[in-house]
Amino acid sequence: ETGVTQTPRHLVMGMTNKKSLKCEQHLGHNAMYWYKQSAKKPLELMFVYSLEERVENNSVPSRFSPECPNSSHLFLHLHTLQPEDSALYLCASSQVLFYNSPLHFGNGTRLTVT
Amino acid sequence: KNEVEQSPQNLTAQEGEFITINCSYSVGISALHWLQQHPGGGIVSLFMLSSGKKKHGRLIATINIQEKHSSLHITASHPRDSAVYICAVKAAGNKLTFGGGTRVLVKP
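Keep in mind that this is a model prediction, so the values were computed, not measured.

Caption draft 1: Representation of the overall build of chain A within the structure. What chain A contains, in helices and strands, is zero helices and eleven strands. The C-alpha atoms of chain A give a radius of gyration of 13 Å, which matches the 13 Å a tight globule of 114 residues would have. The principal-axis extents of the C-alpha atoms in chain A amount to approximately 35 × 25 × 25 Å. When contacts within chain A are restricted to residue pairs at least 6 apart in sequence, those whose partners lie at least 24 apart make up 56%. Each charge sign in chain A was given a centre, from 10 positive and 9 negative side chains, and these centres are 10 Å apart.

Caption draft 2: The sheet that holds strand β7 (residues 64–70) of chain A, seen in detail. All names here are of chain A. Taking strand neighbours across the sheet as the criterion, the four strands line up as β1-β3-β8-β7 in an open arrangement whose pairing is antiparallel. Only two strands of the sheet have a single neighbouring strand rather than two, namely β1 (4–7) and β7. This sheet shows a mean twist of 20 degrees between the axes of neighbouring strands, independent of strand direction. Across seven bridges, strand β3 (residues 18–25) lies against strand β8 (residues 73–79) in antiparallel orientation. Residue pairing in the sheet places K18 in a bridge with H79 of β8.

Caption draft 3: Spatial organisation of the sheet that holds strand β8 (residues 69–74) of chain B. Residues and elements named next belong to chain B. Pairing is antiparallel across the open sheet formed by five strands, whose spatial order is β1-β3-β8-β7-β6. Where the open sheet ends on each side, the last strands, each with one partner, are β1 (4–7) and β6 (52–56). With strand direction ignored, the average angle separating the axes of adjacent strands in the sheet is 15 degrees. Relative to β8, strand β3 (residues 19–25) runs antiparallel, the two sharing six bridges. Following the sheet pairing, I19 is matched in β8 by I74.

Caption draft 4: Spatial organisation of the side chain of B:H73. All names here are of chain B. Here H73 shows up in strand β8. Here the side chain of H73 touches T20 through a polar contact of 2.9 Å, side chain to side chain. Residue contacts for H73: discarding those within four places in its chain leaves F18, I19, T20, R58, L59, I60 and T62.

Caption draft 5: Region of interest: the environment of A:N70. Residues and elements named next belong to chain A. Looking at the element boundaries, N70 is found in strand β7. Overall, N70 belongs to the partly exposed group, its relative accessible area being 30%. N70 sits 17 residues away from E53 along the chain, and the two C-alpha atoms are 9.2 Å apart. A polar side-chain atom of N70 sits 2.9 Å from the main-chain amide nitrogen of S72. Within polar-contact distance, the side chain of N70 engages the side chain of H73 at 2.9 Å.

Caption draft 6: Representation of the nonpolar core in the model. All names here are of chain B. Counting 24 residues, the largest nonpolar core has I19, L32, W34, F47, L72 and Y85 as the members making the most contacts within it. At the level of secondary structure, the elements contributing two or more residues to this core comprise β2 (10–14), β3, β4 (29–37), β5 (43–49), β7 (59–64), β8, β9 (83–91) and β11 (102–107). Residues within four places of L32 in sequence aside, it is in contact with C23, Y25, F47, M48, L49, I63, S70, C87, A88 and V89.

Caption draft 7: Spotlight on the interface of chain B and chain A. Chain B puts 20 residues into the contact, and the matching count from chain A is 18 residues. Of the roughly 1500 Å² buried between chain B and chain A, counting both surfaces, carbon and sulfur atoms make up 61%. Its largest share of buried area at the contact with chain A, chain B owes to B:I43, B:N94 and B:F98, together 32% of the area lost on that side. Between the two partners, chain B and chain A, sit zero salt bridges. Where chain B meets chain A, there are two residue pairs in polar contact (both at pLDDT 80 or more).

Caption draft 8: A look at unusual backbone geometry. A cis geometry characterises the amide bond from A:T7 onward to A:P8, with omega recorded as -10 degrees. In this structure, the amide linkage connecting B:S7 to the following residue, B:P8, adopts the cis form with an omega of -10 degrees. Examined against the element boundaries, B:P8 turns out to sit in the loop between β1 and β2. One non-glycine residue, A:T80, lies in positive phi territory at about 50 degrees. Tracing the backbone through its elements, the reader meets A:T80 in the loop between β8 and β9 (87–94).

The rules behind the values
Residues numbered from 1 in each chain as written. Chains lettered and ligands numbered in written order. Predicted model: local features only at pLDDT ≥ 70, side-chain atom pairs only at ≥ 80, totals over all residues. Heavy atoms only, no water. Helix = DSSP H or I, 4+ residues; strand = E, 2+ residues; numbered from the N terminus. Rg over C-alpha atoms; globule rule 2.2 N^0.38 Å. Contact = heavy atoms within 4.5 Å. Lys, Arg positive; Asp, Glu negative; His and termini not counted. Charge placed at Lys NZ, Arg CZ, Asp CG, Glu CD. Pairing = 2+ DSSP bridges. Axes fitted to C-alpha atoms, helices over the stretch in contact; angles between N-to-C directions. Polar contact = N/O pair within 3.5 Å; in protein donor to acceptor, adjacent residues only side chain to side chain. Buried < 20%, exposed > 50% of the residue type's maximum accessible area, 1.4 Å probe, protein only. Core = buried A, V, L, I, M, F, W, Y, C linked by side-chain atoms within 4.5 Å. Buried area = accessible area lost by both parts, 1.4 Å probe. Salt bridge = Lys/Arg side-chain N within 4 Å of Asp/Glu carboxyl O.

Any link to function would need more than the numbers given here.
Following this line, the structure appears as structure tokens:
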């Protein structure tokens, strides 16, 4: 149990589908992050939230839309994805924003776009 | 060239062997993270350090700020240590830059 829970673990979707990834943490952390991990590439930061406010958006295509309704939950809404968006999507949280405290990761959602 | 370079990219060891993974970076940093990623995908934070040395169980992490280098050592390695080990540095601009990872396989 990592303290950060992601659902679903696996997702297969067509390019015209709309789906959402969910992340939940009950560690009392103030910052939450979405990362993308493609095959044979380093982790890429997508979005950062601090106390439900988005503080960073790393030039991510608009077909990815994050939502943070409260400090414990983070969503990533997906629509009109491309096959190259197939990857492992990881959620993380930290006590303090911007990496001055350890990161806690979820187990990820492995997304396949067909 | 990636700002964070890890070596080796792949490492195979026999159970019980001492393992060293290296991380070199090219910018000034305020913190360095070592992470472990198991085949299922989940990532565990092993260490966060900004100077000196930290130890947790059979794992030891060291950092030399002047040389811009960190090492992760695994003593008495075990098959359950098989994973990808990732170095990440916190530099200016509140960014965390990740290395490409070192894939470790420990054979029984």
